[in-house]
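A structural walkthrough
Residue strings, one per chain:
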Amino acid sequence: SKGTCITTDINPQITAKEIMLFPNPAENEVYLRLGVMPASREASWSIYQADGKKVLGQKLTQKELRIDLSGLRAGLYLVLVQLDGETVAKKLILR
């Protein structure tokens, strides 16, 4: 019979190892790569300045993404990736 399959607590928590940010330090662009595709459609990334101001971000729809950093000043940023209710933070240095 056809039905909806709902699984819970089978996927291990998303770990920082499954999210790659490279090159880091970056200059004009950075690549964000996921080791797994999000199980749900609730996936996004955001980049914050050291003062907490959000400067970039959008929904995440693929396993690898090129992010244009050319509009940002050099410094330390925080990249937050939200996948399936989990948030992983990565530091990004922009030269």
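For the structure, see preceding data.
Here's what I pulled together on the structure shown here. Each chain has its residues counted from 1, running along the sequence as written. Per-residue local features of the predicted model are confined to residues with pLDDT of at least 70, and side-chain atom pairs are confined, for both listing and counting, to 80 or more; whole-chain, interface and lining totals are unaffected and use all residues. Each side-chain value is worked out from all heavy atoms of the structure, with water and hydrogens disregarded.

**Remarks on the sheet that holds strand S5 (residues 64-68)**
Between any two strands, at least two bridges found by DSSP are needed for them to pair. Only runs of H or I of at least four residues qualify as helices and only runs of E of at least two qualify as strands under DSSP, and these elements are numbered from the N terminus. Taken in spatial order, the 3 strands line up as S1-S2-S5 in an open sheet, and their pairing is antiparallel. A strand with exactly one partner marks an edge of an open sheet, and here the two such strands are strand S1 (19-22) and S5. Here the strands of the sheet are splayed against their neighbours by 20° on average, with no regard to which way each runs. Fitted lines through C-alpha atoms give the axes, limited to the stretch in contact for helices. The angle between two N-to-C directions lies from 0 to 180 degrees.

**Focus: the sheet that holds strand S3 (residues 43-49)**
Reading across from one edge, S4-S3-S6-S7 is the order of the 4 strands in this open sheet, with antiparallel pairing throughout. With partners counted over all chains shown, the strands left at the sheet margins are strand S4 (54-59) and strand S7 (86-94), one partner each. Taking the axes of each pair of neighbouring strands and ignoring which way they run, one obtains an average angle of 15° across the sheet. Both S3 and strand S6 (residues 75-83) contribute to a ladder of 7 bridges, which runs antiparallel. Each bridged residue has a counterpart across the sheet, and for Ser-44 the counterpart in S6 is Gln-82.

**Looking at the environment of Lys-53**
Note that Lys-53 resides in the loop between S3 and S4. Along the sequence, Lys-53 and Tyr-77 sit 24 residues apart, while their C-alpha atoms lie 9.8 Å from each other. Here, two residues are considered to be in contact whenever any of their heavy atoms come within 4.5 Å of each other. The contacts of Lys-53, once residues within four sequence positions are left out, are Ile-47 and Tyr-48.

**Quick word on the pairing of S5**
Here S5 shows one buried face, formed by Leu-65 and Ile-67, and one open face, formed by Glu-64, Arg-66 and Asp-68. For strand S2 (residues 29-34) and S5, the ladder comprises 5 bridges, and the chain directions are antiparallel. Note that in S5 the partner of Val-30 across the bridge is Ile-67. For each residue, the accessible area found with a 1.4 Å probe, counting protein chains only, is set against the maximum for its type, and the residue is called buried under 20%, exposed over 50%, and partly exposed in between.

**Some details on the packing of aromatic side chains**
For this analysis, a ring pair means two rings from Phe, Tyr or Trp (six-membered ring only for Trp) whose centres lie within 6.5 Å, classed as stacked if their planes differ by under 30 degrees, edge-to-face if by over 60, and tilted for the remaining angles. Inspection of the entire model under this criterion finds 1 aromatic pair. On the basis of an interplanar angle of 20° and a centroid distance of 5.8 Å, the ring pair of Phe-22 and Tyr-31 is categorised as stacked. Among the residues examined, Phe-22 registers a relative accessible area of 26% and is labelled partly exposed.

**Considering the environment of Val-30**
Looking at the element boundaries, Val-30 is found in strand S2. Val-30 sits 35 residues away from Leu-65 along the chain, and the two C-alpha atoms are 8.4 Å apart. Excluding its chain neighbours within four sequence positions, the residues that come into contact with Val-30 are Leu-21, Phe-22, Pro-23, Leu-65, Arg-66, Ile-67, Leu-69 and Leu-92.

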